[in-house]
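One letter stands for each residue in the lines below.
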There are 2 protein chains.
Amino acid sequence: MPDVVEQDYTLEQLQQVTKAINSGQFVQVRQTLAEIPPCDTALLLESSPLKIRSTLWKLVDPDIQGDVLEELSEDVRLSIIAKMEPELIAAATEDMDDDDLGEVLRSLPDPVYQDVISAMDSQDRARATLALSYAEDSAGALMNGDTITIRPDVSLDVVLRYLRLKEELPQGTDDLYVVDKENRFLGSLPLGVLLTNPPDRLVEELMNEERETIPVSMKESDVAQLFERHNWISAPVVDDQSQLLGRITIDDIVDVIREDAEHSLLSMAGLEDEEDTFAPVLKSSQRRSIWLGINLLTALLAAFVASFFESTLDILPILAVLNGIVPSMGGVAGSQTLTLVIRGIALGHVNQTNQRFLLGKEFAIGALNGILWSLLIAGVVALWQWDFKLGAVIAFAMFMNLVAAGIAGASIPLILKRMKIDPALAGSVVLTTVTDIVGIFAFLGTATWFLL
Amino acid sequence: MPDVVEQDYTLEQLQQVTKAINSGQFVQVRQTLAEIPPCDTALLLESSPLKIRSTLWKLVDPDIQGDVLEELSEDVRLSIIAKMEPELIAAATEDMDDDDLGEVLRSLPDPVYQDVISAMDSQDRARATLALSYAEDSAGALMNGDTITIRPDVSLDVVLRYLRLKEELPQGTDDLYVVDKENRFLGSLPLGVLLTNPPDRLVEELMNEERETIPVSMKESDVAQLFERHNWISAPVVDDQSQLLGRITIDDIVDVIREDAEHSLLSMAGLEDEEDTFAPVLKSSQRRSIWLGINLLTALLAAFVASFFESTLDILPILAVLNGIVPSMGGVAGSQTLTLVIRGIALGHVNQTNQRFLLGKEFAIGALNGILWSLLIAGVVALWQWDFKLGAVIAFAMFMNLVAAGIAGASIPLILKRMKIDPALAGSVVLTTVTDIVGIFAFLGTATWFLL
């Protein structure tokens, strides 16, 4: 029974494989790849720099390419597919689940997509067309058609004999779905219920008619929230006539949960979702450049505000030395609030009912921390420069900026959300603009008024 | 079949309940709570400000308090438990899963813990002692003892009849575990295999002997990575003699995945894990204060570096106006790299084999973006101030800082990890210190040398 600590084992594997590729021992690599499951191959690909990755991919058995593609993170998968011939892409998609098939096809540029579709056989083409008919990021795009359906008016014994005719059950089957003649969803029969009741009982006596269904158009983050809240392993997807269309399983939801949780993290730094840690330099530079450009604009805006006080800075150069402190603290405090509120929105905690309370709370925290740190900074600056008026100026500016940061950090994501803009992406830029401008204005403005 | 869009339904519920509590209609609230599942009650509690939350909790039926506590996020659960009497805590833990029981008990201050333990009956006390014997954040703390075990030398028919004796199967059972007389793990029998094979076959013919087991001491993030990679729904936990101790199910892993993914986000803003969006003002202020204090120190350090150039700033006050731009851009660029590398480490992509490559890549991106943006900022500043030497100075400083930011952003988390310090928490502070100091030094230093 294998129980080596996994991570060390994978690191060892990666080192072995990398060394083997670098010394041209391709037969050995092919051997290793044949012995490990597709998910491990996927991890090796994700952890390899591009050159190694391309070589590694060429050594993957074409029969399992589809399985490996399914396991890859989106960015890496797309970069590999971008270099594959359409016929090979079509072949790889044969064994894919419907949801992965849809995702791959959606990502192809139109001409490539046409080639891949024509290279498919008619059955797969029908599957593909169906998968693509659902909106990206909807329940339809997440689901698979591999449901097991039974009728309500049969006994459990009939169900058991029916299942024995099958070679195997689809992965992650914990429920059988009960449908009527028109394929309308009536309820679910958990395997646990099937196995713990006498075989002469009827399905309709034992089925769960209250089993919640997922509308095919529901957004995937809402689906993920439901799965998390109810601890589901799978869930049926229906259309608006209650026709059973497919099912969603927890492993797809886990991907959504991780992506959603990472989305805030990546967006707040101006990065795209599912970044490939080893994407080529040019590609990464391009993406980050746009973000840097936007931030440069806000930095220039702050400098522009400071330029109004150039004469003040000329007279009191000590202000130039201290000028960075207040905006910096405001930015940090504001970021904390922003992060919390963005997370709260993502978790479904924040809504119209409680957001007024949240704003009030963040204002209070801003004020409390504002008082504490403005007194402290006043003391430090006053002693450092032996100038108590200066201490008073920076204290006042600090207090104003910390309060402003709290209010801005809480209200910006709420306003952005109402404007249907992603709060994680735009929020931090807007926030730093606010805290920089308020901070500079409060500090230099008060200094001008009070010290000159 | 209920299929109202969940989020609107919950919002409506929350508004109803809040209104009812505010107008003292407690009977109505009790009614509502009796009709909704524990997970929905948990969401209501998490989304309510403290006063509403306390009142709401008092209206929850004591019989399901344990179930509701299980569904709550950690921070909220702990805040509620902190106000409960030991006897009530003991009663609520009766129905809890082993892992939640362990988590609750671990969180209690010692005197309260003693009271709760003495209030338990002997069976629960034994369960509690066992649950607490495992390290927090280990597989042992995540697992539950509710496994179904069978012998290898029986037929599937015997297994089916055995299961029918049970009233129900534990939630999320997809595998039966095959053990020998000494309770040593031999393999697993998936329910799918049980249901699709003739009943006269023997368990040992069909069981999966290659089923990977989880060592009881494995860290929970490693367990989560395994679950994600292999798409497991449950997994057996064994000790070093291969004795079966329990099993871990995907719903506990989903919690770990979300916490791990959020950890980076929260830590980089200086927030603790599982922050309660509605924690009391004082509690939130305290936590954030420490972070603000650390950042104030780095801001003062940057000001100290700037103070060396006070005479330069006196002569050329325009430098004071532009002084914020270079450190700001460095901070943004560095944060992108830092975020990516931290995420890469968390996903298991970054290790000794490829980190040199990663550093090289980030240096190249820093250089590329450095060239682009330094030329641009040179142009903007030169035209704004009609001073081309000034443009050259800021261009040089920008380039230096963007390259430094790239290298720092990549190497800091790797160094911190080697020092066993959480890279997400300390990383951003160290990074902004580096980019601030390098930025100020490069800009004012070059200006002093070149323009004076």
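All values reported here derive from a predicted model rather than from experimental measurement. (Residues numbered from 1 in each chain as written. Chains lettered and ligands numbered in written order. Predicted model: local features only at pLDDT ≥ 70, side-chain atom pairs only at ≥ 80, totals over all residues. Heavy atoms only, no water.)

Caption draft 1: A look at the overall build of chain A. Scanning chain A from N- to C-terminus turns up 23 helices and six strands. Against the globule reference of 22 Å for 452 residues, chain A gives a C-alpha radius of gyration of 29 Å, more extended than a compact globule. Considering chain A as a whole, with its 452 residues, one finds that 57% of them fall into the buried category. Excluding contacts between residues fewer than 6 apart, the proportion of contacts in chain A whose partners are at least 24 apart in sequence is 66%. (Helix = DSSP H or I, 4+ residues; strand = E, 2+ residues; numbered from the N terminus. Rg over C-alpha atoms; globule rule 2.2 N^0.38 Å. Buried < 20%, exposed > 50% of the residue type's maximum accessible area, 1.4 Å probe, protein only. Contact = heavy atoms within 4.5 Å.)

Caption draft 2: Up close: a negative patch on the surface. On the surface, a cluster of negative charge is made up of Asp61(A), Asp63(A), Glu94(A), Asp95(A) and Asp121(A). Structurally, Asp63(A) can be placed in the loop between helix 4 (50-58) and helix 5 (65-71). (Patch = residues over 30% accessible without salt bridge, like charges linked within 9 Å, V, L, I, M, F, W, Y side chains within 5 Å. Areas by Shrake-Rupley, 256 points an atom, 1.4 Å probe, with all protein chains shown as cover. Salt bridge = Lys/Arg side-chain N within 4 Å of Asp/Glu carboxyl O. Lys, Arg positive; Asp, Glu negative; His and termini not counted. Charge placed at Lys NZ, Arg CZ, Asp CG, Glu CD.)

Caption draft 3: Structural detail: unusual backbone geometry. Positive phi outside glycine occurs at Ser242(A), with the angle close to 65°. Positive phi, normally seen in glycine, also occurs at Asn183(B), with a value near 65°. By secondary structure assignment, the location of Asn183(B) is in the loop between strand 2 (175-179) and strand 3 (185-190). Overall, Asn183(B) belongs to the partly exposed group, its relative accessible area being 28%.

Caption draft 4: Focus on the domain arrangement of chain A. One can read the domain layout of chain A as domain 1 (4-132), domain 2 (149-251) and domain 3 (281-451). Averaged C-alpha coordinates put domain 1 of chain A and domain 3 of chain A at centres separated by 46 Å. (Domains from an automatic or database assignment.)

Caption draft 5: Fine view of the nonpolar core. Within the largest apolar cluster, 74 residues are counted, with the highest numbers of intra-cluster contacts made by Ile325(A) and Ile325(B). Filtering out sequence-adjacent residues up to four positions away, Ile325(A) remains in contact with Ile377(A), Met398(A), Leu296(B), Ala299(B), Leu300(B) and Ala303(B). By size, the runner-up hydrophobic cluster in this structure holds 42 residues, among which are Ile214(A), Ile250(A), Val256(A) and Val216(B). (Core = buried A, V, L, I, M, F, W, Y, C linked by side-chain atoms within 4.5 Å.)

Caption draft 6: Up close: the interface of chain A and chain B. Listed as interface residues are 133 residues of chain A and, on the opposing side, 133 residues of chain B. Between chain A and chain B, roughly 12,200 Å² of surface is buried when both sides are summed, and carbon and sulfur atoms account for 65% of that area. It is Leu195(A), Arg229(A) and Arg343(A) that lose the most area in chain A upon contact with chain B, and together they represent 6% of the buried surface on that side. The residue Arg229(B) makes a salt bridge to Asp40(A) at a minimum N-O spacing of 2.2 Å. Across the contact surface, chain A and chain B share nine residue pairs in polar contact (both at pLDDT 80 or more). Sorting elements by how many residues they give to the side of chain A that touches chain B places helix 17 (residues 281-307) of chain A first, with 17 residues. Taken together, the residues of the side of chain A that touches chain B sort by class into 67 nonpolar, 37 polar and 29 charged. (Buried area = accessible area lost by both parts, 1.4 Å probe. Polar contact = N/O pair within 3.5 Å; in protein donor to acceptor, adjacent residues only side chain to side chain. Nonpolar A, V, L, I, M, F, W, Y, C, P; charged D, E, K, R; others polar.)

Caption draft 7: Layout of the relation of the copies chain A and chain B. For the match of chain A to chain B, the screw axis carries a shift of 0.0 Å, the RMSD comes to 0.1 Å, and the turn is 180°. Interpreted geometrically, this transformation is the action of a two-fold axis. When the interface residues of chain A are mapped onto chain B, 100% of them again fall at the interface, so both copies present the same face. (Least-squares fit on C-alpha atoms with pLDDT ≥ 70 in both.)

Caption draft 8: Representation of helix 8 (residues 98-107) of chain B within the structure. A large share of helix 8 of chain B lies buried, amounting to seven of its ten residues. Those residues of helix 8 of chain B that sit buried are Asp98(B), Asp99(B), Asp100(B), Leu101(B), Gly102(B), Val104(B) and Leu105(B).

Caption draft 9: Molecular detail of the UniProt feature "domain: CBS" (unreviewed entry) in chain A. Within this structure's numbering, the places UniProt gives as "domain: CBS" (unreviewed entry) are residues 207-265 of chain A. Helix and strand shares over residues 207-265 of chain A are 46% and 22% respectively, and the end C-alpha atoms of the span are 42 Å apart. (UniProt positions renumbered as here; feature names shortened; annotations may be inferred.)

Caption draft 10: Looking closely at the packing of aromatic side chains. Applying the stated rule across the entire model yields 13 aromatic pairs over all chains. Relative to Phe185(A), the ring of Tyr177(A) has its centre 5.7 Å away and its plane inclined at 70°; by these criteria the two rings are edge-to-face. Geometrically, the ring pair formed by Trp384(A) and Phe304(B) is tilted, given 6.5 Å between the ring centres and 45° between the ring planes. With Trp384(A) in helix 21 (residues 355-385) and Phe304(B) in helix 17 (residues 281-307), the pair connects residues from two separate chains. One aromatic cluster in this structure is built from Trp384(A), Phe304(B) and Phe308(B). (Phe/Tyr/Trp six-rings, centres within 6.5 Å; stacked < 30°, edge-to-face > 60°.)

Caption draft 11: Looking closely at the UniProt feature "transmembrane region" (unreviewed entry) in chain A. All names here are of chain A. Cross-referencing UniProt, the feature "transmembrane region" (unreviewed entry) maps to residues 290-309, 315-342, 363-386, 392-416 and 428-451 in the present numbering. In residues 315-342, helix accounts for 86% and strand for 0%; the two terminal C-alpha atoms are 42 Å from one another. Annotated as residues 392-416, this span is 100% helix and 0% strand, and its ends, taken at the C-alpha atoms, are 35 Å apart.

Caption draft 12: Here's a closer look at the pairing of strand 6 (residues 244-249) of chain A. Residues and elements named next belong to chain A. In terms of burial, strand 6 is a largely internal element, five of the six residues being buried. Pairing analysis gives five bridges linking strand 5 (residues 234-238) to strand 6, with the strands arranged antiparallel. Note on strand 6: the bridge partner recorded for Pro236 is Arg247. In sequence, strand 5 turns back onto strand 6 through a hairpin of five residues, with Ser242 there showing a positive phi of about 65°. (Pairing = 2+ DSSP bridges.)

Caption draft 13: Spotlight on the sheet that holds strand 5 of chain A. Residue and element names in this part refer to chain A. Reading across from one edge, 4-5-6 is the order of the three strands in this open sheet, with mixed pairing throughout. Of all strands in the sheet, those with a lone pairing partner are strand 4 (214-215) and strand 6, marking the two edges. Pairing of strand 4 with strand 5, which is carried by two bridges, proceeds in the parallel orientation. Paired with Pro215 across the bridge in strand 5 is Val238. Along the sheet face, helix 15 (residues 220-230) touches strand 4, strand 5 and strand 6 and points at about 65° away from the line of strand 6. (Axes fitted to C-alpha atoms, helices over the stretch in contact; angles between N-to-C directions.)

Caption draft 14: Focus on the environment of Ile148(A). Residues and elements named next belong to chain A. With respect to the helices and strands, the residue Ile148 is situated in the loop between helix 11 (139-142) and strand 1 (149-150). Looking at Ile148, the relative accessible area reads 5%, which means it is buried. For the pair formed by Ile148 and Val179, sequence separation is 31 residues and the distance between their alpha carbons is 9.9 Å. If we ignore the near neighbours within four places in the chain, the residues touching Ile148 are Tyr162, Leu163, Lys166, Leu169, Pro170, Leu176 and Tyr177.

Caption draft 15: Summary view of the pattern of salt bridges. All names here are of chain A. Under the counting rule described, the total for this entry stands at 22 salt bridges over all chains. Its salt-bridge partner being Arg247, residue Asp146 comes within 3.1 Å of it at the nearest N-O pair. With Asp146 in the loop between helix 11 and strand 1 and Arg247 in strand 6, this residue pair connects regions lying 101 residues apart in the sequence. We note a salt bridge from Arg161 to Asp157, for which the minimum N-O separation is 3.3 Å. In this pair, Arg161 and Asp157 are both assigned in helix 12 (residues 156-165), four residues apart and thus about one turn of the helix distant. Owing to a relative accessible area of 31%, Asp157 belongs among the partly exposed residues under this scheme. Shared partners join several salt bridges into a network, and the residues in it are Asp98, Asp124 and Arg127.

Caption draft 16: Inspection of helix 21 (residues 355-385) of chain B at higher detail. Spanning 31 residues, helix 21 of chain B covers 43 Å between terminal C-alpha atoms, matching the ideal 45 Å at 1.5 Å per step. Positive phi appears at Trp386(B), one or two residues downstream of helix 21 of chain B, with a value of about 50°. (Expected span 1.5 Å × (residues − 1).)

Caption draft 17: Structural context of the side chain of Asp239(A). All names here are of chain A. Turning to its location among the elements, Asp239 is positioned in the loop between strand 5 and strand 6. Here Asp239 sits buried without a salt bridge, and the closest side chain of opposite charge, Arg184, lies 8.5 Å off (N-O distance). Within the local environment of Asp239, its side chain forms a polar contact with the backbone nitrogen of Gln241, the two atoms lying 2.9 Å apart.

Caption draft 18: Here's a closer look at the environment of Phe308(A). All names here are of chain A. Assignment of secondary structure puts Phe308 in the loop between helix 17 and helix 18 (310-315). Of the residues examined, Phe308 reaches a relative accessible area of 56% and is grouped as exposed. Taking the C-alpha atoms as reference points, Phe308 and Leu444, separated by 136 residues in sequence, lie 9.3 Å from one another.

Caption draft 19: Spotlight on the sheet that holds strand 2 of chain B. Residue and element names in this part refer to chain B. With mixed pairing, the three strands of this open sheet are ordered in space as 1-2-3. Two strands lie at the open edges of the sheet, namely strand 1 (149-150) and strand 3, each paired on one side alone. Summarising the sheet, strand 2 and strand 3 pair through five bridges and their orientation is antiparallel. Considered in strand 3, the bridge of Val178 is made with Gly187.

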